[in-house]
Amino acid sequence: MKKSFNSPILKILLAVFIALTISCSLFKNKNEKWGYPITPVSFTDVTLTDTFWSKRIATNRDVTIPYGFKKCEEEGRMRNFERAGGLLEGDYEGKMPFDDSDVYKIIEGASYSLRTNPDKKLESYIDSIIEKIAAAQEEDGYLCTWKTINPDTAPAWWVKPGPRWFNLGANHELYNAGHIYEAAYAHFLATGKRNFLDIALKNADLIAAVFGPGKKMQPPGHQIIETGLVKLYLATGNRKYLELAKFFLDQRGNAAGHELYGAYSQDHIPVVDQDEAVGHAVRAMYMYAGMADIAALMQDSLYLNAVDKIWDNVVTKKIYLTGGVGARHDGEAFGDNYELPNLTAYNETCAAIGNIYWNQRMFLLHGDSKYIDVLERTLYNGMISGVSLDGESFFYPNCLASDGKYAFNQGALTRQPWFDCSCCPSNVIRFMPSVPNYIFAHRGQSLYVNLFIACSANIQLDKGKVAISQETNYPWDGNIVIHVDPKSRKQFTLRVRIPGWAMNQPLPGDLYRFAENDTEKVTLTVNGKHANIKMDQGYAVIDRKWEKGDVVRLSLPMPIRRVLANEKVKDDSNKVALIRGPLTFCAEGVDNDGKVLDRIIPDDAQFTIESRPDLLHGITGIKVLYPGGKSDLIEIPYYAWSHRGPGEMTVWIARK
Ligand SMILES: [Zn+2]
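Here goes a summary of the coordinates provided. (Residues numbered from 1 in each chain as written. Predicted model: local features only at pLDDT ≥ 70, side-chain atom pairs only at ≥ 80, totals over all residues. Heavy atoms only, no water.)

So, on to the sheet that holds strand β4 (residues 440-443). On the basis of which strands lie adjacent, the open sheet formed by 6 strands has the order β1-β4-β5-β9-β14-β13 and mixed pairing. With one partner strand each, in any of the chains shown, β1 (39-40) and β13 (534-536) form the two edges of the open sheet. The sheet contact formed by β4 and strand β5 (residues 446-449) spans 4 bridges and is antiparallel. In the sheet register, Phe440 faces β5, and the bridge partner there is Val449. Contacts from helix α16 (residues 369-383) reach β9 (490-497) and β14 (539-546) within the one sheet, and its direction differs from that of β9 by about 50°. (Pairing = 2+ DSSP bridges. Helix = DSSP H or I, 4+ residues; strand = E, 2+ residues; numbered from the N terminus. Contact = heavy atoms within 4.5 Å. Axes fitted to C-alpha atoms, helices over the stretch in contact; angles between N-to-C directions.)

In structure tokens, the structure reads:
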């Protein structure tokens with residue numbers, strides 16, 4: 001018996017059986033094409049009534065989108081499409097082989113914006129750009145302007161001239177293509193028009209004809225085509241695009257098809273064997289998001305197992321307290337485990353956005369609130385820090401300390417109006433309109449409340465529609481009133497996220513901990529009566545027959561909390577950081593006589609909060625009161641720093 005159990009065939013059968021059992025239980029409730037067990041409630045079904053995000057999204061719509069288009073006009077990105085289409089003479093303008101992608105990303109953001117704020121003028125302007133893009137597309141579907149204009153010259157020293165698909169590790173042809181698909185999908189959803197989608201499909205059909213088993217085997221150097229192809233699959237139902245996405249992922253680390261690009265491009269070992277986040281952080285984030293898509297849509301347990309392991313590595317060893325990822329300027333890359341320097345932290349804005357995309361997908365796969373804990377911390381800190389409050393200047397890296405001398409932001413000490421490589425501004429533009437996408441989700445008869453943002457929504461559950469709304473002044477205050485209004489009396493489960501920060505965990509994992517754990521209790525009432533909170537996967541689960549007018553009140557106490565880092569993080573050793581609710585705080589020189597790097601927050605310091613509606617578009621700051629009456633220290637939310645000139649700033653402050 002023992003002998004036969006050891007036979008290799010039986011072992012394989014057993015492994016297949018276990019894998020199938022795991023994936024069957026995980027994917028039990030999947031929708032047809034969607035594939036994820038949980039479905040997010042589209043931002044188009046959610047109306048924001050808050051002041052925090054509404055303002056940011058309005059600034060993105062009214063300022064940053066037109067500004068981004070203007071920059072693309074001024075710097076020749078639009079003219080590149082005209083030249084490639086034979087509408088204009090001249091050479092490729094621009095310093096990057098992926099300048100086309102900025103235009104696509106701004107169209108994506110503008111399209112999402114059109115969906116909630118119809119604007120005929122903007123829509124016809126986008127159509128005029130799509131006409132230029134159509135002209136630039138070659139007869140067989142190829143679309144990459146620098147190649148079409150003149151394949152014998154390259155826009156940057158690290159890009160090699162040559163025929164199509166040559167030097168794919170650096171040339172970004174497939175990266176540009178991925179952003180065409182992401183943008184065309186958004187434009188199709190927003191307008192119902194196929195003018196951009198047809199361009200994308202024609203391009204994807206060409207790529208599917210050129211790449212695949214027995215054809216060209218190289219993966220792109222920079223990921224994004226994977227999630228883009230998944231979107232084309234969602235738009236059309238054509239599995240060819242989904243399979244091509246998996247093909248590109250499967251080629252990574254596969255030396256049989258190409259000379260490996262190395263860890264920088266996550267191309268050192270097969271993706272299903274990867275268990276540590278390495279290399280260029282934006283590439284990594286997009287890849288992990290793509291892997292989650294394959295895990296869900298193709299029910300691939302090997303992919304699932306790999307993204308789970310990589311996620312554990314990131315949250316236990318490689319994430320900043322702002323949600324930022326990618327410690328090193330060199331290679332825009334992840335550092336070693338626990339390598340989290342503050343002054344030289346890279347934390348590209350694009351990587352923060354990718355981290356949000358990835359963690360949303362991880363939540364949709366697993367239904368655990370820990371993914372939303374990461375998403376929320378990134379959203380409120382390391383992501384929105386990337387754009388100024390007025391919407392016209394940007395951080396590329398998002399450091400956690402500044403000495404006012406080290407020009408961390410691509411040679412500058414503060415946010416910049418634009419960059420030669422403007423991936424971050426265009427990524428902010430494409431991301432911002434979709435923030436309401438992350439508030440609610442549903443699965444069968446369960447309705448998830450993930451983020452706390454004043455809003456109203458109509459949500460389709462399996463057995464009918466439910467109107468739901470939130471009243472709250474979050475992130476400044478942790479009182480949330482949720483109105484639940486089903487059309488008729490209805491049994492369903494409300495799953496209200498209880499954030500990790502309210503339950504003694506600043507972020508999932510043991511990278512960060514609170515200095516003290518004596519928190520006030522979270523309370524939750526239903527129609528004024530204290531509810532017995534049954535917790536499951538980080539959610540307060542309320543299963544009852546809901547009626548019109550039911551009210552859930554959630555109180556998340558928001559004291560100022562002192563956070564300590566794992567001892568293995570050398571740069572945070574003997575230091576403390578302050579957080580309050582989802583916000584991470586920092587001290588900035590301008591509030592503190594110019595100097596913050598040599599300040600201390602002793603363990604017996606007291607804190608008060610200070611509401612400052614007049615400052616930085618309205619913030620609540622922290623005053624650190626020193627024992628013995630020495631001068632106080634002021635801290636502000638991290639996202640709001642660097643609006644009053646360059647100078648010192650720090651998140652982590654010495655305890656002694
Ligand atoms: Zn970027």
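On to the pairing of strand β21 (residues 633-637). With 4 of 5 residues buried, β21 lies mostly within the body of the structure. Pairing geometry for strand β18 (residues 583-588) and β21, over 2 bridges, is antiparallel. What sits directly across from Cys586, in β21, is Ile636. Taken together, the 3 bridges between strand β20 (residues 619-625) and β21 define a ladder with antiparallel strand orientation. Looking at the pairing, Ile622 lines up with Glu635 of β21. (Buried < 20%, exposed > 50% of the residue type's maximum accessible area, 1.4 Å probe, protein only.)

Glancing now at the sheet that holds strand β15 (residues 550-555). On the basis of which strands lie adjacent, the open sheet formed by 7 strands has the order β2-β6-β7-β8-β15-β11-β12 and antiparallel pairing. Both edges of this open sheet fall to β2 (46-48) and β12 (529-530), since each of them pairs with a single strand only. Inspection of the sheet shows β2 paired to strand β6 (residues 455-461) by 3 bridges, in the antiparallel sense. Bridge pairing in β6 links Leu48 to Cys455.

Before going further, it helps to spend a moment on the packing of aromatic side chains. Summed over all chains, the structure comprises 33 aromatic pairs. A centroid spacing of 5.2 Å and a plane angle of 80° characterise the contact between Tyr448 and Tyr539, whose relative ring orientation is edge-to-face. Of this pair, Tyr448 sits in strand β5 while Tyr539 sits in strand β14; the two residues are 91 residues apart in sequence, bridging distant segments of the chain. Under the relative-accessibility criterion, Tyr448 is labelled buried at 3%. Taking the relative accessible area as the measure of exposure, Tyr539 reaches 0% and is therefore buried. Through a chain of ring-to-ring contacts, three or more aromatic side chains come together here, namely Phe52, Trp53, Tyr380, Phe452, Tyr474, Trp476 and Tyr639. Its end group placed over the ring of Trp546, Arg544 keeps NZ or CZ at 5.0 Å from the ring centre. (Phe/Tyr/Trp six-rings, centres within 6.5 Å; stacked < 30°, edge-to-face > 60°. Lys NZ or Arg CZ within 6 Å of the ring centre and 35° of its normal.)

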